[in-house]
Amino acid sequence: MKTIQRFCSLFMILILTVGLSSQSKAQSLPEFGVKGGLNYSTFNDTENVEYKTGFLIGGYANFKIPMSPVSVQPEVLYAQYGADVEDSDASFVVNYVQVPVLLKFGFETPAAKPNVYFGPYMSFNTKAEIENDDGSLNLEDNAKDTEFGVVVGAGVDVSKIRLGLRYTAGLSNVADDDFNDSAKNGALALTIGLAF
């Protein structure tokens, strides 16, 4: 697992370096924007859990690589993940500040610009608890502080509007091994953004 984490970290650094160095040669300025959306998340590789609805919100910068349809898009998002417990009113709530670095491939058409993207992310845990109708129980001592994974998605840019559908797949465990040695985040998200 440490090899995967190192690979994700190196990939993030490489993409940022390429994006920033190519931007210095470009004539156009980077695009900045905000985005938000709905998450539909669960814990992969875990039994007796169902999907849970949450939200994500944050901002991004998009650095176009000159003379190509490719851009590099780092993002900073606040994302609500977790899972509902089957046949119960209980829910696991695990929230993160998430930092994806995406490689984005755009296609020029007259009315809109469809795109596909992928890349690694690193998340920093801000909340971990289990909730039910009677209250909540703090699980921060049982949750890992950081989490790594990959994002794949597609979208369409129409004027200043940015629509997207993405899947986030965690590669590292959400919980400490003593608590749960296999729970990994998995989330489908529908996003809408506005470019400045």
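Treat the numbers as computed from the prediction; the structure is a model and nothing was measured.

## Comments concerning the packing of aromatic side chains
Then comes step 1: Taken as a whole and judged by the stated rule, the model has five aromatic pairs.
Then comes step 2: Pairing F43 with F92 gives two aromatic rings, centres 5.8 Å apart and planes at 55°, and the pair type is tilted. In this pair, F43 sits in strand β1 (residues 31-44) while F92 sits in strand β5 (residues 91-106), placing the two residues 49 residues apart along the sequence.
Then comes step 3: Judged by its relative accessible area of 8%, F43 is buried.

## Comments concerning the environment of V70
Then comes step 1: Locating V70 in the fold gives a position in strand β4 (residues 70-85).
Then comes step 2: The sequence separation of V70 and V116 amounts to 46 residues, and the corresponding C-alpha distance is 9.9 Å.
Then comes step 3: Sequence-distant contacts of V70, defined by excluding residues within four places in its chain, comprise K64, I65, L103, K104 and F105.

## Things to note about a nonpolar patch on the surface
Then comes step 1: There is a patch of nonpolar side chains on the surface, built from F32, V34, V158, I161, L163, I192, L194 and F196 and spanning about 710 Å² of accessible area.
Then comes step 2: When residues of the nonpolar patch are traced back to their parent elements, those giving at least two are β1, β9 (161-170) and β10 (184-195).
Then comes step 3: The partly exposed category is assigned to F32, whose relative accessible area is 43%.

## What about the side chain of S172?
Then comes step 1: Within the fold, S172 resides in the loop between β9 and β10.
Then comes step 2: S172 gets classed as buried once you look at its relative accessible area, which sits at 3%.
Then comes step 3: Reaching out from S172, the side chain makes a polar contact with the backbone nitrogen of F148 at a distance of 2.9 Å.

## Notes on the nonpolar core
Proteins that are soluble and globular tend to have nonpolar side chains buried together.
Then comes step 1: By size, the foremost hydrophobic cluster in this structure holds 17 residues, and its most contacted members are F43, L56, Y81, V94, Y96 and V174.
Then comes step 2: Mapped onto this core, the elements with two or more residues apiece are β4, β5 and β10.
Then comes step 3: Beyond its immediate stretch of four places on either side in the chain, L56 contacts K35, G36, G37, N39, L77, Y78, A79, A189 and T191.
Then comes step 4: Formed by five residues, the second largest nonpolar core is a distinct cluster that contains I65, V72, V101 and L103.

## Observations regarding the side chain of N62
Then comes step 1: You can see N62 is positioned in strand β3 (residues 52-64).
Then comes step 2: In terms of polar contacts, N62 uses its side chain to reach the side chain of S71, at 3.1 Å.
Then comes step 3: With residues near it in sequence (within four places) discarded, N62 still touches P30, E31, S71, V72, Q73 and K104.

## Remarks on the pairing of strand β6 (residues 113-132)
On a regular strand, one side chain projects to one face of the sheet and the next to the other, so that they alternate.
Then comes step 1: By the bridge criterion, 14 bridges tie β5 to β6 in an arrangement that is antiparallel. Directly across from K104, in β6, lies its bridge partner Y117.
Then comes step 2: Counted between consecutive antiparallel strands, the loop separating β5 from β6 contains six residues.
Then comes step 3: The antiparallel hairpin formed by β6 and strand β7 (residues 135-138) contains two residues in its connecting segment.

## Notes on the pattern of salt bridges
Then comes step 1: Within this structure, the stated rule accounts for nine salt bridges.
Then comes step 2: Put simply, R166 and E75 hold a salt bridge, and the shortest N to O gap is 3.1 Å. Placement of R166 in strand β9 and of E75 in strand β4 is noted, with a sequence separation of 91 residues between them.
Then comes step 3: Take E75: its relative accessible area is 1%, and that puts it in the buried class.
Then comes step 4: The salt bridge involving R162 is made with D157; its shortest N-O contact spans 3.8 Å.
Then comes step 5: On the basis of relative accessibility, which here comes to 12%, the residue R162 falls in the buried class.

## Remarks on the pairing of β3
Then comes step 1: When β1 meets β3, the two strands line up antiparallel, connected through eleven bridges. Note on β3: the bridge partner recorded for L38 is F55.
Then comes step 2: In the sheet, β3 pairs with β4 via seven bridges, with the strands oriented antiparallel. Opposite Y60, over in β4, you have E75 as the bridge partner.

Calculation rules
Residues numbered from 1 in each chain as written. Predicted model: local features only at pLDDT ≥ 70, side-chain atom pairs only at ≥ 80, totals over all residues. Heavy atoms only, no water. Phe/Tyr/Trp six-rings, centres within 6.5 Å; stacked < 30°, edge-to-face > 60°. Helix = DSSP H or I, 4+ residues; strand = E, 2+ residues; numbered from the N terminus. Buried < 20%, exposed > 50% of the residue type's maximum accessible area, 1.4 Å probe, protein only. Contact = heavy atoms within 4.5 Å. Patch = residues over 30% accessible without salt bridge, like charges linked within 9 Å, V, L, I, M, F, W, Y side chains within 5 Å. Areas by Shrake-Rupley, 256 points an atom, 1.4 Å probe, with all protein chains shown as cover. Salt bridge = Lys/Arg side-chain N within 4 Å of Asp/Glu carboxyl O. Polar contact = N/O pair within 3.5 Å; in protein donor to acceptor, adjacent residues only side chain to side chain. Core = buried A, V, L, I, M, F, W, Y, C linked by side-chain atoms within 4.5 Å. Pairing = 2+ DSSP bridges.

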